[in-house]
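Examining the three-dimensional arrangement
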Amino acid sequence: MKWKEYEAKWQQRWDEAGVFVPQVEDSKRPKFFVTVPYPYTSGALHIGHGRTFTTGDVVARFKRHRGFNVLFPMAFHISGSPILSISDKIAHEDVKTINLYKRYLEIYEKDLEKIDGIIESFKDPEKVAEYFAGKINLDFKSVGYSIDWTRQFDTGQPHYNKFIEWQFHKFKETGILVKGSHPILWSLKNSQPLGEDDISDGDVDKVSISEFTLIKFEGEDGFFVAATLRPETLFGATNLWINPDVHYVVADVNGERWVVSEEAVGKLGVQGGSVKVVKKERGRVFLGKTVSDPLGRQLPVLPAGFVDPDNGTGVVYSVPAHAPYDYQALVDLKRDAKFGPVVSEIEPVVIISIPGYEVPAREICERMGIRDQRDSRLEEATQEIYKAEFYTGVLNDKCERFSGMLIQNIKDEVKKWLKQKGASGVFYETSRKAVSRGGDKVVVAVLDNQWFIDYNHDKWKAKTRKHLAKMVILPEKFRKLFENTVEWLDKRPCARRRGLGTRFPFDKEWVIESLSDSTIYMAFYVLIPYLQGVAPEKLKPEVFDFLLLGEGDAEKVAKLTGLSVEKVNEARKAFEYWYPNDLRHTAPAHIGNHLTFFIMHHLAIFPEKLAPPCITLNEMLIREGAKMSKSKGNVIPLNHVKEKYGADLYRMYVVSSADLDTVVDWREKDVGAVQRKLEKFVEIMDRCSETTEREVVNEIDRWMLSRFNRSLKVCTENMEAFRFREAVVEMFFKLLNDVRWFERRSEEPYGLLRKIAKDWLVSLAPVIPHTAEEYWEKLGGGESGFVSLAKWPEANEKIINSGIEKSEDFVQGVMEDIRSMIKMAGHQPGRIYLYTAEDWKWKALELVVKEKQGALKHARTFKDPAEAAKTLASFVKNRVWENGIERLDEASIIAGAEKILKEEFGAEVVVNDNHDPMNKKGKAMPFRPAVYLE
RNA sequence: GCGGGGGUGGCGGAGCGGUCAAACGCGUCAGACUCAAGAUCUGAUCCCUAGUGGGUUCGUCGGUUCAAAUCCGGCCCCCCGCACCA
């Protein structure tokens, strides 16, 4: 295909001419600063990622045509743990990872020999980042993004680190940075935090952290510590359960003596406790003993096989009235020789009232016919009771101060109360049993000295709500998601133990978390041209204070950095010129974190006028109805676009096939349809470039120009409103159909089309820039520079002519009628007679348009009042006034369309002839001539 | 569970109070071109009807209105997010 050639050609020319590298200007030309989040460089990007960047590029290009000085920069994100994990895995010869990356490399490397060497280099994480950054850069160029690459950086660079350090200094000054402890998923074996990616099946079956309440039961060996998710059930406890066959330990925990399972003691050790094991015992050793609960009651310790030593503490208190497992275990134990007598004295204590139950656990076990405590249906029974109790349960008078309260309201209250009594603590457990990809068990650890960003700090949220209300969010339906996110954001850890990025400035053991280091970096794009020559260690916070906030003075910054005072002032001026970031465009997936941080961090540091004014979003892209994923093997890398489809086809498809808030479905068949349209467009442009421009000679020429200007008007309005699909459908697809019609109707279509060809090219240049450049040059536009920088055409309203368009609609309507009649008749006519409506029918129509229902009373004034009444009534029924009907000279319009009618039907067309054997004349209505075929 | 978004023809999807039997595309059918296939072009594609007319449709059940795919309420179903993950 020829466009492969010209796409590369124009990309190179743009590059050489620096077309997309803007300068700070003093002129009145307004600036427009647009960003799309920098990609994470752990692998190849695919056409789904490309959708977002393409949309951003369309905006950037459109704004350029509209006279803005546009800054559209790009950088690369390498912060966080994924790239590090990849390197680690490759260094450890992880076959799966190595194969995955080999496949990635095959996308880019023709020379397969080189792949092993590159993989080898990936043992260094920086090489991974560097490699993919380089490739993504080329991918982006290959689809024609109008990016200013002179500002490219990555988030591991020392200059960037200094900038992020400054950001956190600011956070500290404002008081939003706080310190505390925090639970995370952890590998006990490697003493390392585990992210979703590190956990086996972590992506499909998420592991979350559950908070258990520890409750202490005092016995002669120390405290038996039970872990529960439902501390309020303590009031109904009747005994403790211990698994007789597993190992328990007696240990010193924070100065107290505790009895817990062997598994639990390891977990306690990483949850902030100081733990020392005193001795290890089989569970059965403790059976039959008595403990006292926090309410002062004496409870027996009994055996139960269902107790899992690896869930919670392996010590469970029994609530037989409400927990089916507990109830059934007691029933089972009644038959036991040793414990039977003790058990028979135990009565379930009902503490929660729910409709339909007296003693819920007993009734459900009996109803379901549970056999024993190994019965698998106990799980189901438990769920049912728990659910009912959570939503409808009310604590009864056995629950002291909590009686009468709803379960769902009191959990935290009970925890607080138990804590005050000194009878409880907190224990974290994973929501499911999980192992890391390396095979070690996943537990929960509590990190002390964790740094948080406190999103609830002071007036921050109030300020955010206020600003958000003023922001433009498009599509508007995503606004609610922002509002909700602002509400639920709480303290969020912002430093991690592991990962690439910027060291936490107040504690260098930590690394700034990767979402928190990419929220105000748009400012860095503005500064980077000025900072590149400065040694990073010279970039003290004072430097950024001046450049970004105007605090301090240029002389001091010049001294600190070694830059000249002029240069420093220039940098400050650049920032004042470009900021705020007029538009941030990305995917809705980021609303729940990145985008909201983006807004809030700006508000925390900058004056409100520099906070983001506008965010636009586009949905994802799927392929043939299915999500693209590595495992399905249906991913199309962005790199394949230029070879397989061509950049302009890809861009046109992505923009035209769905609105921003709708998923794009990449369907090969539909892509082919768009391709044919593009080919048609190119063919028209070729013809235009081979012809000389001619003047308007007839109505059909006027029609074409009217259509063009109308489309241009609609297109411009939609582009301005970010409705790109609509804009392109109008300016490309509909207009192509019009041109096709015009080709049939006009003797010399291309001479006339040449008049509008250049404007047409500019209006499509944001979407198909390469084709636009190519034909811009062919049509002689090149003398005035690149089409990418051409002025957007203005629709000429004076040329838009509804009357002419109506006439043409009329011709098409007549053709349709004739066609359907021929179809019904089943044979070709030799002659087609058309009869237009008589004058009085037009008068009737006009009367109804003017007087609506009132027109009916004028029936008498017509020659044939009965006929007139019927006609008037039908016009009223059809509410004809809503269309603002204008009278057409139908006979002469048909005469003007003689050529196409003849061509189409291969028959002579006769208008208003006296020959009317079927008496059709009377059937004619305005806009609907009667037809007789002969 | 909480929060958000949706359910339109054989399919993907526009439409979001009247010009709607519903854009555009895919698929299917017919015709043209071709030795033929493919591509391309032209047309048809809810049902009835020698035509501009009638009938039944937009998850489901109701309601508001002269008028509803479009507004309101109930119900059913699907998708997405819920934090330390980029």
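Up top is the structure.
This text gives an overview of the structure that appears in the document.

The next point concerns the sheet that holds strand E2 (residues 69-71). A sheet is described by the order of its strands in space; here five strands give the open sequence E2-E1-E22-E23-E18, paired in parallel fashion. A single partner strand is all that each edge strand has here, and the edge strands are E2 and strand E18 (472-474). Across the sheet, the axes of successive neighbouring strands diverge by a mean angle of 20°, strand direction being ignored. Where helix H20 (residues 591-605) meets the sheet, its contacts fall on strand E22 (583-586) and strand E23 (614-617), and the angle it forms with E23 comes to roughly 160°.

The subject of this paragraph is the sheet that holds strand E19 (residues 491-493). Here four strands make up an open sheet; going across it, the order is E4-E3-E17-E19 and the pairing antiparallel. A single partner strand is all that each edge strand has here, and the edge strands are strand E4 (192-193) and E19. Here three bridges tie strand E17 (residues 442-454) to E19, and the two strands are oriented antiparallel to one another. In the sheet register, Asp454 faces E19, and the bridge partner there is Lys491.

Computed from the structure, the second largest pocket encloses a volume of approximately 1,100 Å³. Looking at the second largest pocket, it is lined by 39 residues, and the ones nearest its centre are Phe212, Leu229, Asn311, Val316 and Tyr386. Those elements that place two or more of their residues in the lining of the second largest pocket are strand E5 (209-219), strand E6 (222-228), strand E13 (315-318), helix H9 (324-333), helix H12 (377-392) and strand E16 (424-430). Ranked by the residues each element gives to the lining of the second largest pocket, the list is headed by H12, at four residues. Across the lining of the second largest pocket, the residue classes tally to 16 nonpolar, twelve polar and eleven charged.

With that settled, consider the nonpolar core. Grouped together as the largest cluster of nonpolar side chains are 131 residues, with contacts concentrated most on Phe140, Trp666 and Trp760. Of the residues forming this core, the biggest block, eleven residues, is contributed by helix H25 (residues 724-745). If you look at the next biggest cluster of nonpolar residues, it comprises 77 residues, including Leu489, Tyr521, Tyr579 and Ile605.

Take the protein's contact with RNA strand B next. Residues in contact with RNA strand B amount to 48 residues; listed here are only the nearest, Tyr40, His182, Pro493, Asn593 and Arg676. Taken together, the sugar and phosphate atoms account for 59% of what RNA strand B places within 4 Å of the protein. At 3.3 Å from a sugar or linking oxygen of RNA strand B is found a side-chain nitrogen or oxygen belonging to His77. Side-chain polar atom of Ser81 to a phosphate oxygen of RNA strand B: 3.1 Å apart, as the coordinates give it. Of all elements in the fold, only helix H15 (479-488), E19, helix H23 (668-690), H25, helix H28 (802-825) and strand E28 (930-933) reach the threshold of two or more residues within the surface near RNA strand B. For the surface near RNA strand B, a count of residues per class yields 15 nonpolar, ten polar and 23 charged.

By the definition in use, this model includes 56 aromatic pairs. Summarising the aromatic geometry, the rings of Trp166 and Phe606 are spaced 6.4 Å apart at their centres and angled 55° between planes, so their arrangement reads as tilted. One end of the pair, Trp166, is in helix H7 (residues 158-174); the other, Phe606, is in the loop between H20 and E23, and 440 residues separate them in sequence. Under the relative-accessibility criterion, Trp166 is labelled buried at 1%. Taken together, a centroid distance of 5.7 Å and an interplanar angle of 70° make the contact between Phe722 and Phe724 edge-to-face. Judged by relative accessible area, which is 6%, Phe724 ranks as buried. Its end group placed over the ring of Trp14, Arg61 keeps NZ or CZ at 4.6 Å from the ring centre. Sitting above the plane of the Phe223 ring, Lys216 keeps its charged end 5.4 Å from the centroid.

What counts and what doesn't
- Residues numbered from 1 in each chain as written.
- Chains lettered and ligands numbered in written order.
- Predicted model: local features only at pLDDT ≥ 70, side-chain atom pairs only at ≥ 80, totals over all residues.
- Heavy atoms only, no water.
- Pairing = 2+ DSSP bridges.
- Helix = DSSP H or I, 4+ residues; strand = E, 2+ residues; numbered from the N terminus.
- Axes fitted to C-alpha atoms, helices over the stretch in contact; angles between N-to-C directions.
- Contact = heavy atoms within 4.5 Å.
- 1 Å grid on protein atoms, 1.4 Å probe; cavity = no way out; pocket = protein on both sides within 12 Å on 5 of 7 lines; lining within 4 Å.
- Points joined across faces, edges and corners; volume = space filled by probe spheres on them.
- Nonpolar A, V, L, I, M, F, W, Y, C, P; charged D, E, K, R; others polar.
- Core = buried A, V, L, I, M, F, W, Y, C linked by side-chain atoms within 4.5 Å.
- Buried < 20%, exposed > 50% of the residue type's maximum accessible area, 1.4 Å probe, protein only.
- Near = heavy atom within 4 Å.
- Polar contact = N/O pair within 3.5 Å; in protein donor to acceptor, adjacent residues only side chain to side chain.
- Phe/Tyr/Trp six-rings, centres within 6.5 Å; stacked < 30°, edge-to-face > 60°.
- Lys NZ or Arg CZ within 6 Å of the ring centre and 35° of its normal.

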